[in-house]
Amino acid sequence: MTEHSTLLSKTLGSVFPFILIFGIYMITNGHVTPGGGFQGGAVLAAVFICKYLVIPLKDISLYKVQWVEKLALIFIILLAIGFIATGLNVRFDFFTPYYMILMNILIGLKVACGMTIIFYRFAYYESR
Amino acid sequence: MLELTLLLLIVLSIAALQTRSLRNAVIYLGVFSLAISFVYLLYHAPDVAIAEAVIGSTIATILYLVALQKYKIFTIYYRLQDSEVEDTHYFSRYKLQLVKSLEKFCTKQELEAQIIYSLEELDDILTKHQYALIIEEHEAFISIYAHHENYMLDKLEFFLDNEPAFIRPYRIVKMEEIEGEVME
Amino acid sequence: MRRKLITVLLIAAGTLTLYHSLQIQPLQTLPLAEYYIDNSYILTGASNVVTSVYLYFRYYDTLFEALMLLFSIIGVIYMSIHEGEDYND
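What counts and how
Residues numbered from 1 in each chain as written. Chains lettered and ligands numbered in written order. Predicted model: local features only at pLDDT ≥ 70, side-chain atom pairs only at ≥ 80, totals over all residues. Heavy atoms only, no water. Patch = residues over 30% accessible without salt bridge, like charges linked within 9 Å, V, L, I, M, F, W, Y side chains within 5 Å. Areas by Shrake-Rupley, 256 points an atom, 1.4 Å probe, with all protein chains shown as cover. Salt bridge = Lys/Arg side-chain N within 4 Å of Asp/Glu carboxyl O. Helix = DSSP H or I, 4+ residues; strand = E, 2+ residues; numbered from the N terminus. Contact = heavy atoms within 4.5 Å. Buried area = accessible area lost by both parts, 1.4 Å probe. Polar contact = N/O pair within 3.5 Å; in protein donor to acceptor, adjacent residues only side chain to side chain. Phe/Tyr/Trp six-rings, centres within 6.5 Å; stacked < 30°, edge-to-face > 60°. Buried < 20%, exposed > 50% of the residue type's maximum accessible area, 1.4 Å probe, protein only.

(A) Main features of a nonpolar patch on the surface. All names here are of chain A. Together, Trp-67, Val-68, Leu-71, Ile-74, Phe-75, Leu-78 and Leu-109 make up an exposed nonpolar region whose accessible area comes to about 690 Å². The element contributing the most residues to the nonpolar patch is helix H3 (residues 62-85), with six residues. Here Trp-67 shows up in helix H3.

Right, dumping it as C-alpha cells:
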C-alpha cells in the first residue's frame, strides 16, 4: 500500500463523497431507520481510511481530533444526565426527539474521531 | 439460506485457523464478518448487521493489512570498515553469500529485505536510524547486532544454524544488554 | 495424551450444552420487550426501537460504552512504541 495505485485512487476518490453522505444520513436518521451514532461514526471513520489508502499524507492533527473527541464525551454525559436523570424528560417531553438526534450526532462525532485516532496511530506511528 | 450461511461460517473459521500465511487468515476473517453480518440480517437485526459489516469487515481488515505491511520491511545495515572500502574486491564471495542467506531468510518469513551498506559509526546507526539488524565484520567472525525486542531473532538463529552455505562463525549481540559497552 | 483429554472434555461440554438447551421451554411472554415496543414511540417519538432503548431507557449503558472507547484510545496512544512523542505536530 506504500506505492501509488491509480486504479485504487480513482475508484475510492469517486466513491468518497457517497460514503460521507451515507455516514451523515445514518447518524441524523438514526432514530427512524436502522443505524445510529455508532454505526454512522464507523462509516465516517472509513472515509478517513479511504483517504489514507489514496494518499498516505499526514496532514491531520491528531491532537485536535482527540480534543474534539473528549469534548464530545463531556457533552454526551452532560446531556444524558442533565436531561433524563434529573427528570426533565417528563416535564419537557416535546424535546425528546431533538434529544435523540443530538445524542446520535454527538456519539457519531465521538466514534468517528476515536476510530480515526486509532487507525492513524497504528498507520503512522507504529514501526519495527 | 440461513443454514447454508451458518455452514459457510464454520468452513471460513476453520480455514482462517488452518491457513499458513497471515494475510490469507486476515482475508478469511473479513469474509467471515461479512457472512455473519448477513446472518444477523436474516435474524431481523439490521443495526447489529450494519455495525458488524462496517467494523469487522472494513476497518479491522484494513487495520490488520496495514499492520502486516508495516512489519514487512526488514532493514539490514551492513557496516563496512574503512579498509574494506579501499579494497578493490568490494564484494568478496563470502559477503555475497551472507547477503544471499539473509535474503533467503527474509523471503521465507514473507519479509522484504532492505540492505543498506553504511560507513557510519555503530553509535550513529544505533541512535539515528531505524534498523532491524546491523552486521559488522571482524577478522574471525561476524557480529550481528539486533534490538533485544526483535521477535525474528530466534528464527534467524535457527535458520543460520541450519543453513549449509553459511559457514563463517558469528555471534548475536542483543543491544539492551551491552548498552554501556557501546556508548563508551 | 493431554490434547486428547482436552478434546474429550470439550466434546462432553458441547453435548451437555446442546442437551440442556433442548430441554428449556421457550418463553411464553416477554413483558419487558412488550413494554418497550408499546411505549417507545409514545415516550420518545422514535420509530426505531433500538435507538430509543440505548438512548432513553438504558442510557447509562451508552455512557459507559463511550467511556470505554476513550479508555481504549488512551491505551493505544500511550502504550505504542513512540510513547506520545512528536505528537503535537
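(B) A look at the interface of chain A and chain B. Taken together, the contacts link 20 residues of chain A with 18 residues of chain B. Both sides of the chain A and chain B interface together cover about 1800 Å² of buried area, and 71% of this is carbon and sulfur. Viewed at the interface, chain B and chain A are joined by zero salt bridges. Run the count over chain A and chain B and you get two residue pairs in polar contact (both at pLDDT 80 or more). Elements with a minimum of two residues in the side of chain A that touches chain B: helix H2 (37-54) and helix H5 (96-125) of chain A.

(C) Representation of the packing of aromatic side chains in the model. For the coordinates displayed, the defined rule picks out 12 aromatic pairs over all chains. Residues Tyr36(C) and Phe57(C) carry aromatic rings whose centres are separated by 4.8 Å and whose planes lie at 35° to one another, so their mutual orientation is tilted. Of this pair, Tyr36(C) sits in helix H2 (residues 31-44) while Phe57(C) sits in helix H3 (residues 49-57), and the two are 21 residues apart along the sequence. In this structure, Tyr36(C) and Phe57(C) share a single accessibility class: buried. Through a chain of ring-to-ring contacts, the aromatic side chains of Phe83(A), Phe95(A), Tyr98(A) and Tyr99(A) assemble into a single cluster.

(D) Molecular detail of the pattern of salt bridges. Residues and elements named next belong to chain A. Under the defined criterion, the tally for this structure stands at one salt bridge over all chains. A salt bridge links Lys-110 to Glu-69, with the nearest nitrogen and oxygen atoms 2.7 Å apart. Taken together, the positions of Lys-110 in helix H5 and Glu-69 in helix H3 put the pair 41 residues apart, joining distant regions of the chain. On the accessibility criterion, Glu-69 (0% relative accessible area) is buried.

Scope: geometric values only; no functional claims are made or implied.
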